[in-house]
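# Inside the fold
So the chains spell out like this:
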Amino acid sequence: MTEAALPAPVAAPAVDRERLTAIGFVLPSFVIIAGVFALPLVLLLGVSVIDANGLTFANYRRLLGTPYYLGVIWNSLRLGLLTTIIAFLISYPAAFALARAHGALRSVLLATLFLPLAASVIVKAFAWTILLRSDGIVNETLIALGIIEDPIRMIFTETALIVGAVNIFLPFMILPIYAIVAQLDPRYAEAASTLGASPIVTFFHVILPLTLPGIIAGVALVFSLSVSAYVVPTLLIGEKYPTLATTIAKAYLLAREPGFGAAAGVVLLGIAIAVVALSARLSREPK
Amino acid sequence: MSGAAPHLVVRSISKRYGPTTVLDHIDLTIRRGELVTLLGPSGCGKTTLLRAIAGLAQPDSGKVELAGRDITHVPPHKRNVGVVFQSYALFPHLTVAGNVAFGLKVRGTARREINAAVERALSLVKLGHLAGRRISALSGGQQQRVALARAIAVEPDVLLFDEALSALDRKLREEMQVELRRLLQDVKATAIFVTHDQDEALTMSDRVAVMNKGRIEQLAEPRELYLRPASLFALNFVGLSTRISGTVLAADNGKVDVETKVGRLSALGNFQAGSPVIVAARPEQLRLGEQSEANSAAGRVRSVVFQGSRTLVEVDAGAGESLLAELSERDGAIPRVHDEIRLSWPVTETFAFPMEAQA
Ligand SMILES: Nc1ncnc2c1ncn2[C@@H]1O[C@H](COP(=O)(O)OP(=O)(O)O)[C@@H](O)[C@H]1O
Ligand SMILES: [Mg+2]
């Protein structure tokens, strides 16, 4: 009787132990994410819909119902979209150049990508203000060369904003694309060409689809970084280009309207989550 | 076009990578419908020659003609050459059918025609039931077939296989060799296989080109290649042999007498007296005992390897020379290790090669 029952009790703890081990591994990160991320999110959501009188959607009505704040949302989206598109157009060929480079050149190029990540965004944005000021290096040089007489207004323009944002977020587009391109087997393109595909057809039907996962990762990263950027618009364009991020800061720091700031935060988060979810969906393998 | 007309002509192609000459004035003519194998050790330039034919590598000099057209400077996508890569290079973002349809799609073939051609190609390789599968969900053997179907679907003028079977396990590879040959003959394809596997070369091809250091040493039918190797390299690379070094004593009209450490031997070959040579014979030519008008040598049996229908006997003939004989039970008892035996073989099956040609 006892013998017959033996295998089951022996097997069961083994499985349980495995599961316990797995839970043990997951637990710390779960606690951290729950405590540091999920809980504040729930609080944020709560603050945005609850005021002294109870449940209210006034904050959202104000945000999504006033032309001014719709403009703010549009500013954020515009910053995100322009930065992402331009960063992609620069990064895609750059990633191929990087993958084709060999030896010392490749190391130098990779270092120029990685090193700026070590500097804070504030430092980089501030560096751009020094470059683009009316008495900045760019204007001084152009005047010295006699190309212009009076300084061109560069700082506090949308151009300055986009140039700075693209520069600062560029590594987050190049690196994921480069990671895919570097692994891309050149045989795919060769196979396509022997099957009769011209270089252009090969690019659109083979290279582009095969590098899509890198593009999607880069786009998701750069868009969520730039749509929510705070330092970059604050330093490079300022008051006249309010974004969701600067609006949140103002609501908390100046206007003392935590409910409204929370609502803006939720909308910004919603935009970022939508983009990430969409890209996760796109990068899933076709069935 | 008649069956014997040259279909693919490679004229004196050369290619260097830096200081190394990878292809050294290669000439190769292949008839329509012929299956030819490039056989040679790793690094001898087989892949480079194939890539030059496909247009994936530009030769430094020489010409390539295909189906009566000079394609030396034609880009790969306008050559109509099919390639089956060693790694298959199937497009992972497309299904099996999508891969097979690719070549027709980029040619702008009508959808109805594409569907029919894909179905035909997949049924040829017996994969019709997997048309909708993803590539990552296929076994190695199935991927090999898809790569083949993709290449033949566009009906290329010549099909090139670069070690296309080498990733398969042995049993599957041997099955595929036979099946592939039959299939290519059925569709009347002209094909070049690249391999370093002599069995594959002998099984699959009408003719074999033995390559060494960027040159074709011999281009011959498998049987002739085995029976009449043109060089020591070809002799060594295809099949087994007994090889004994010596010096030519006397030469007479295509025949030489050679002094070796195992005695005086006669062989076919044109040399001047005094030339250092290697005398060689295939193992199945060696018989136990004496024969009249034949070469012979004696020694002690070093090893006996039973291989089913035949037994390989290696004999230590002294002075560092050894004899390799392939004996059959039918012709008498097989000697045992340490037996002292004498072996003999016909002069007409003995060849002399120049010593310095040894690789
Ligand atoms: N793209 C290349 N650059 C430099 N050397 C190469 C290149 N391709 C091939 N080689 C060299 O050419 C020689 C022949 O190569 P390959 O044609 O691949 O030989 P095989 O296919 O017979 O093994 C090798 O020594 C290889 O290192
Ligand atoms: Mg090779």
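- As recorded in an unreviewed UniProt entry, chain B goes by ABC transporter ATP-binding protein and comes from Bradyrhizobium niftali.
- Per UniProt, chain B has the following entry under Function (unreviewed entry): "Involved in beta-(1-->2)glucan export. Transmembrane domains (TMD) form a pore in the inner membrane and the ATP-binding domain (NBD) is responsible for energy generation."
- Quoted verbatim from the Sequence similarities (unreviewed entry) field of UniProt, the annotation for chain B is "Belongs to the ABC transporter superfamily."

- Named according to an unreviewed UniProt entry, chain A is ABC transporter permease originating from Bradyrhizobium niftali.
- Looking at chain A in UniProt, the text filed under Subcellular location (unreviewed entry) is "Cell membrane".
- Word for word, the UniProt comment on chain A under Sequence similarities (unreviewed entry) is "Belongs to the binding-protein-dependent transport system permease family. CysTW subfamily."

## Quick look at the site of ligand 1
Residue and element names in this part refer to chain B.
- Near ligand 1 you find Tyr-17, Val-22, Pro-41, Ser-42, Gly-43, Cys-44, Gly-45, Lys-46, Thr-47 and Thr-48, and these make up its full shell.
- Gly-45 is positioned such that a nitrogen or oxygen atom in its backbone is 3.1 Å from an oxygen atom of ligand 1.
- Thr-47 is positioned such that a nitrogen or oxygen atom in its side chain is 2.6 Å from an oxygen atom of ligand 1.
- Coverage of ligand 1 by the protein chains reaches 56% of its 560 Å² of free accessible surface.
- Residue contributions to the shell around ligand 1 peak at three residues, all from helix 1 (residues 46–54).

## A closer look at the interface of chain B and chain A
- Taken residue by residue, the interface counts 22 residues in chain B and 21 residues in chain A.
- Between chain B and chain A lies a buried interface of about 1900 Å² when both sides are counted; carbon and sulfur atoms form 67% of it.
- Between the two partners, chain B and chain A, sit one salt bridge.
- Among the salt bridges present, the one from Arg51(B) reaches Glu190(A), with a minimum N-O distance of 2.6 Å.
- Applying the counting criterion to the chain B and chain A interface returns four residue pairs in polar contact (both at pLDDT 80 or more).
- Looking at the side of chain B that touches chain A, the elements that each hand over two or more residues are helix 1, strand 6 (81–84) and helix 2 (96–106) of chain B.

About the criteria used
Residues numbered from 1 in each chain as written. Chains lettered and ligands numbered in written order. Predicted model: local features only at pLDDT ≥ 70, side-chain atom pairs only at ≥ 80, totals over all residues. Heavy atoms only, no water. UniProt positions renumbered as here; feature names shortened; annotations may be inferred. Near = heavy atom within 4 Å. Polar contact = N/O pair within 3.5 Å; in protein donor to acceptor, adjacent residues only side chain to side chain. Areas by Shrake-Rupley, 256 points an atom, 1.4 Å probe, with all protein chains shown as cover. Helix = DSSP H or I, 4+ residues; strand = E, 2+ residues; numbered from the N terminus. Contact = heavy atoms within 4.5 Å. Buried area = accessible area lost by both parts, 1.4 Å probe. Salt bridge = Lys/Arg side-chain N within 4 Å of Asp/Glu carboxyl O.

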